[in-house]
Amino acid sequence: PDTILKNGLNNRYCVLEVSVIQRNGSDPEKHLTITASQSLEDTELCILRNGWEFVPVVPGDIIHLEGECTSGTWIINEQSGYLVLYPDLLLSGTTVSNSIRCMRQAVLSERFRGFESGSRQTLIGTILHEIFQQSVTNNLAQEKVEELANKIVYGQNYLKEMYHLNLKQTEIMQEVEEYLPSFFKWVEDFM
C-alpha cells in the first residue's frame, strides 16, 4: 500500500482478506485478516459480530480499530470496540446530517462541493448550529425552538450572506424546518 500503516493508539490497518464465517446455528461473523506492516506480513485477525459484519469492507481497504486486541485478535461487537472504514475521509457534520434525509444528496454535495459559486451549505449549517446551540443552552420547548428559528432566519444577522448567495429567507427557512424534527428527537433522546 501507498499509505502509512501502523498499530497502537492511532492505528491504521490494511485489510488483506475478508471471509464470512457461519458456525452451527450462530449468527454470521466477518473475519478480516489485517496488517499494519508495510511488507504486508505480521497479520492480525479482526472479528466483526452483532451487526458489524454488515460493514462493506473489502481487501485493500484501510481501517482504524478501537477496542482491545488480545493475542493478535480484535473482537468488534455490540459490547466492545468499533471499526472506522476509510479513516482518512473527512466528512463534515452537515454532510453526515444530510445523509439522514437523503444519502444520495449528501454524497453528491460532498463530491461537488467545490463547484458551487457560494456556500449555501455553510450558511445553513451555521444557522442550524446557532438554533441548536441556543435551544439546548436555554432548554427551549419545541414551539420556542420554531420561534427562534424564524427569528434567526428572518433576522438581520444572515441577510447579507443570503443576498450574496442569491437566496431568499423563505428558501432557507424551508430547509431549516426540515432539520427541526431531528433537533427535537435529539433533545428527547439526550436531554
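The preceding data block contains the structure.
By convention here, each chain's residues receive numbers from 1 onward along its written sequence. This being a predicted model, a pLDDT of at least 70 is required before a residue's local features are given, and a value of 80 or more before pairs of side-chain atoms are given or counted; all residues contribute to the totals for chains, interfaces and linings. In computing side-chain properties, one takes all heavy atoms of the structure into account and sets aside hydrogens as well as water.

**Student:** How do you make sense of the pattern of salt bridges when you look at a structure like this?
**Tutor:** If the charged atoms of two oppositely charged side chains come close together, the side chains can form a pair. Salt-bridge detection follows one rule: a side-chain nitrogen of Lys or Arg within 4 Å of a carboxyl oxygen of Asp or Glu. Inspection of every chain in the model, using the stated rule, returns six salt bridges. One salt bridge in this structure joins glutamate 147 and lysine 144, with 3.8 Å as the shortest N-O distance. You can see glutamate 147 and its partner lysine 144 sitting in helix H4 (residues 142-153), three residues apart, about one turn around the helix. Residue lysine 185 pairs with aspartate 189 through a salt bridge whose shortest N-O separation is 3.1 Å. One end of the pair is lysine 185 and the other is aspartate 189, both in helix H6 (residues 169-190) and four residues apart, which spans about a single turn. Residue lysine 185 is classed as partly exposed on the basis of its relative accessible area of 44%. Secondary structure elements are taken from DSSP: a helix is a run of H or I of four residues or more, a strand is a run of E of two residues or more, and numbering for both begins at the N terminus. Relative accessible area decides the class of each residue, using a 1.4 Å probe on protein chains only: under 20% of the type maximum gives buried, over 50% gives exposed, and in between gives partly exposed.

**Student:** What is the right way to look at helix H3 (residues 120-137) in this model?
**Tutor:** Side chains that are three or four residues apart share a direction in an α-helix, a result of its 3.6 residues per turn. Under the 1.5 Å per step criterion, the end-to-end length of H3 is 26 Å for 18 residues, consistent within 8% with the ideal 26 Å. Every buried residue of H3 is accounted for by Leu123, Ile124, Gly125, Ile127, Leu128, Glu130, Ile131 and Ser135. Following H3 by one or two positions, asparagine 139 has its phi on the positive side, about 50°. Expected helix span is computed as 1.5 Å times (number of residues minus one).

**Student:** I'm lost on unusual backbone geometry in this one. Help?
**Tutor:** One can expect most non-glycine residues to show negative phi and most peptide bonds to be in trans. Even without being glycine, serine 71 reaches a positive phi, approximately 50°. Mapped onto the elements of the fold, serine 71 is located in the loop between strand E5 (69-70) and strand E6 (73-76). For tyrosine 86, which is not a glycine, the phi torsion comes out positive at approximately 60°. Here tyrosine 86 shows up in the loop between strand E7 (82-85) and helix H1 (93-101). Residue class for tyrosine 86 comes out partly exposed when judged on its relative accessible area of 42%.

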